[in-house]
Amino acid sequence: MKTIAILSRKGGTGKTMLATHLSVEAERNGHTTALIDLDPQASTAKWGDQREDDTPAVIEAPASRLDHWLDFVEENGATLAVIDTLKIVKKSSFVVIPCGTSKADLEANEGIMDVVTTVNVPGRIVLNHVAANSDLDLEARKATKHYDVVCAPCQIGRRVGFIHAYNSGSVVQELEPQSKSAREIRALYRYITKQMEV
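In what follows, the accompanying structure is described. Quick caveat: nothing in here was measured; it's all calculated off a predicted structure.

This next bit is on the packing of helix α1 (residues 15–28) against helix α9 (residues 180–196). Relative to each other, α1 and α9 sit at 75°, their axes nearing to 10 Å. One way to sum up the angle between α1 and α9 is to call them roughly perpendicular. Every residue of α9 that contacts α1 at M17, L18, H21, L22, E25 and A26 is listed here: I185, R186, L188, Y189 and I192. Taken together, the residues of the contact of α1 with α9 break down into 8 nonpolar, 1 polar and 2 charged.

Structure (C-alpha cells):
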C-alpha cells in the first residue's frame, strides 16, 4: 500500500481540500482508498460525516495511532492511504505540500521542506488557491526554486466550487465534472501518481 501525506503547518492552504479531492479521485481510478485525518481540527473527518458515499473510508485518529490504522486499512484491502496531517509522516510514500502564492505561505512551510529533504521522501509543493488573472503564481514558482522540494507544474485555482463541495461532503469532480476545478484536480492526481509510479 502506498501513502500520500498532505502536509502543511499553515492554516488555510487547502490541505483538507486536496486530501478529500485526491482521495475521491483515487477511488475513481480504481484504488481502494483510506483517508486518514490526523489534524486536531478534524476538518476531513467532518467532511466525511456529511458524505453520502461510503468511499473513501474516512478515519479520524491521533498521530500516535497512525501505524495501527495503516496496518488495519492495508489488511482490509486498501491500496492507497491519503493522510491529512500537520507533521511529517515517516511512512509516507509521497508528500504533497499545499501552499498559497504569498511569501508568507512559502516561509511557513520551510521547516516541512527541510524535513522532507532530510528524510528523503519524494514530495512536491502544490500551489493552491491561485487567484485568476494574476501573476502571483509565477512569482511563487520563482521563489520555490531555492528550495530542495520541487514545485509541481500543475496548480489549483481559487474557486467557490471547492467550498460548495466541502459543505456537501462531496468533491468538484462529482458536483461539476466538466469544470476547470475538476480538470485541475484530475491533472494533479495524474501527476502525483505518475511521480509515485502507481
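The next thing to look at is unusual backbone geometry. The linkage connecting T55 with the following residue, P56, adopts the cis geometry, with an omega of -5°. Counting through the fold element by element, P56 comes out in the loop between α2 (43–50) and β3 (57–60). With a phi angle near 60°, N120 is a residue other than glycine that sits in the positive phi range. Relative to the helices and strands, N120 is located in the loop between α5 (110–118) and β6 (123–127). Its identity is not glycine, yet H129 carries a phi of approximately 55°, on the positive side. Secondary-structure assignment places H129 in the loop between β6 and α6 (136–144).

Here we take up the packing of α2 against helix α7 (residues 160–167). It is at 8 Å that the axes of α2 and α7 come closest, and there the two elements cross at 70°. Regarding the angle of α2 to α7, the classification is roughly perpendicular. For the pair α2 and α7, the contacting residues are S43, K46, W47 and Q50 in the first and A165, Y166 and N167 in the second. Broken down by class, the residue content of the contact of α2 with α7 amounts to 3 nonpolar, 3 polar and 1 charged.

With that settled, consider the sheet that holds β3. Pairing is parallel in the open sheet, where 7 strands are placed in the order β3-β2-β4-β1-β5-β6-β7. Because the sheet does not close on itself, it has two edges, and the strands there are β3 and β7 (150–151). Examined bridge by bridge, strand β1 (residues 2–7) and strand β4 (residues 80–85) share 6 bridges and lie parallel to one another. Note that in β4 the partner of I6 across the bridge is D84. Seen against the sheet, α5 touches β1, β5 (94–99) and β6 and runs at an angle of roughly 165° to β5.

On to α9. With 17 residues, α9 extends 24 Å between its outermost C-alpha atoms, agreeing within 8% with the 24 Å of an ideal straight helix rising 1.5 Å per residue. Those residues of α9 lying buried are S181, A182, E184, I185, L188, Y189, Y191, I192, T193 and M196. Count one or two residues on from α9 and you reach E197, which has phi positive near 60°.

Another aspect to go through is the environment of G157. Within the secondary structure, G157 sits in the loop between β7 and α7. When near neighbours in sequence (up to four residues on either side) are disregarded, G157 contacts H129, V130, F162 and E184.

Attention shifts here to the pattern of salt bridges. One pass over the full model with this rule turns up 8 salt bridges. Between D39 and K15 there is a salt bridge, with the nearest N and O atoms lying 2.7 Å from each other. Placement of D39 in the loop between β2 (33–37) and α2 and of K15 in helix α1 is noted, with a sequence separation of 24 residues between them. On the basis of relative accessible area, K15 is assigned to the buried category, the value being 7%. Here R51 ties to D53 by a salt bridge, and the two come within 3.5 Å at their closest N and O atoms. Assessed through its relative accessible area of 11%, R51 is described here as buried. Salt bridges linked by common partners bring K15, D39 and D84 together as one network.

How each quantity is defined
- Residues numbered from 1 in each chain as written.
- Predicted model: local features only at pLDDT ≥ 70, side-chain atom pairs only at ≥ 80, totals over all residues.
- Heavy atoms only, no water.
- Axes fitted to C-alpha atoms, helices over the stretch in contact; angles between N-to-C directions.
- Helix = DSSP H or I, 4+ residues; strand = E, 2+ residues; numbered from the N terminus.
- Parallel < 35°, antiparallel > 145°, perpendicular 65-115°, else oblique.
- Contact = heavy atoms within 4.5 Å.
- Nonpolar A, V, L, I, M, F, W, Y, C, P; charged D, E, K, R; others polar.
- Pairing = 2+ DSSP bridges.
- Expected span 1.5 Å × (residues − 1).
- Buried < 20%, exposed > 50% of the residue type's maximum accessible area, 1.4 Å probe, protein only.
- Salt bridge = Lys/Arg side-chain N within 4 Å of Asp/Glu carboxyl O.

These values are about where atoms sit, not about what they do.
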